[in-house]
Amino acid sequence: MKPDQLPGRVIDELRALKAEGKVRRIGMSCHDRKFIGTCAADGVFDTYMVRYNAAHRGAETEIFPHLGPHDPAVISYTATRWGFLLRRPKGYPPDGRIPTPAECYRFVLSRPEVDVVLTAPSNLDQLKENLTALESVLLDPEELRFMQEFGDLVHQQNKRFMGG
């Protein structure tokens, strides 16, 4: 689906609500990165909620380059890839480093295009750990390389597991 194929009546109604001051922003969440990229390039929405993490970096080429002229807000979810980025992959060295939740959130927040990253702690200790991501957001080049390589490994293993 292309942005011009969105039900025009829905888009018109959303824009009318915004013009009337009944809503401040119009946003969407979608797994189709190319569609979001096209919508962003056309300025259809003010906000996009997208999957982005070290194992799923397609937004770097399919969404982020199209944000510029309209500068919509970007909300990222699944920074830990549903916990897979926090687990030792099959065959990974027993003494190999595993990312922390804070590193996963910092990876996402290191992208200037991302305004918000969602977190889903199960308890107070996890919340405190997740909040440490805000102490030093940007990753240094070594941390970035590690996260990308670990993310690639997780992506490949999950791709085989999911049959794709």
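Description of the structure in this document. (Residues numbered from 1 in each chain as written. Predicted model: local features only at pLDDT ≥ 70, side-chain atom pairs only at ≥ 80, totals over all residues. Heavy atoms only, no water.)

### With respect to the pairing of strand β3 (residues 73-77)
Note the cut-off: Any two strands with at least two DSSP bridges between them are considered paired. Note on conventions: DSSP H or I runs of at least 4 residues are helices, E runs of at least 2 residues are strands, and numbering of each starts at the N terminus. When the strands point away from the viewer and the path from the first strand over the helix to the second turns clockwise, the crossover is right-handed.
Of the pairings in the sheet, the one linking strand β2 (residues 47-51) to β3 comprises 5 bridges and is parallel in character. The residue of β3 that forms the bridge with T47 is A73. Once the chain exits β3 it traverses helix α4 (residues 101-109) before rejoining the sheet at strand β4 (residues 116-117), and the crossover so formed is right-handed.

### Let's talk about the packing of aromatic side chains
To keep things clear, this is the line we draw: Side-chain rings of Phe, Tyr and Trp, where Trp is taken by its six-membered ring, are said to pair if the distance between their centres is within 6.5 Å; with planes under 30 degrees apart they count as stacked, over 60 as edge-to-face, and otherwise as tilted. Here the term buried applies to any residue with accessible area under 20% of the maximum for its type, exposed to any over 50%, and partly exposed to those in between, with areas from a 1.4 Å probe on protein chains only.
Enumeration according to the criterion identifies 5 aromatic pairs in this entry. Judged by centre distance (5.2 Å) and plane angle (70°), the rings of Y52 and F64 are edge-to-face. Within this pair, whereas Y52 is found in the loop between β2 and α3 (59-62), its partner F64 is found in the loop between α3 and β3, the two being separated by 12 residues in sequence. You'll find Y52 and F64 in the same group, each marked buried.

### Quick notes on the side chain of T78
Quick note on the threshold: We call two residues in contact when some of their heavy atoms are within 4.5 Å.
With respect to the element layout, T78 can be found in the loop between β3 and α4. Leave out the neighbours within four places in its chain, and T78 touches R51, Y52 and N53.

### Observations regarding unusual backbone geometry
Positioned with a positive phi, T78 is a non-glycine residue whose angle comes to about 60°. For T78, a relative accessible area of 14% corresponds to the buried category. Backbone geometry at W82 places phi at a positive 55°, although glycine is not the residue there. Relative to the elements of secondary structure, W82 occurs in the loop between β3 and α4.

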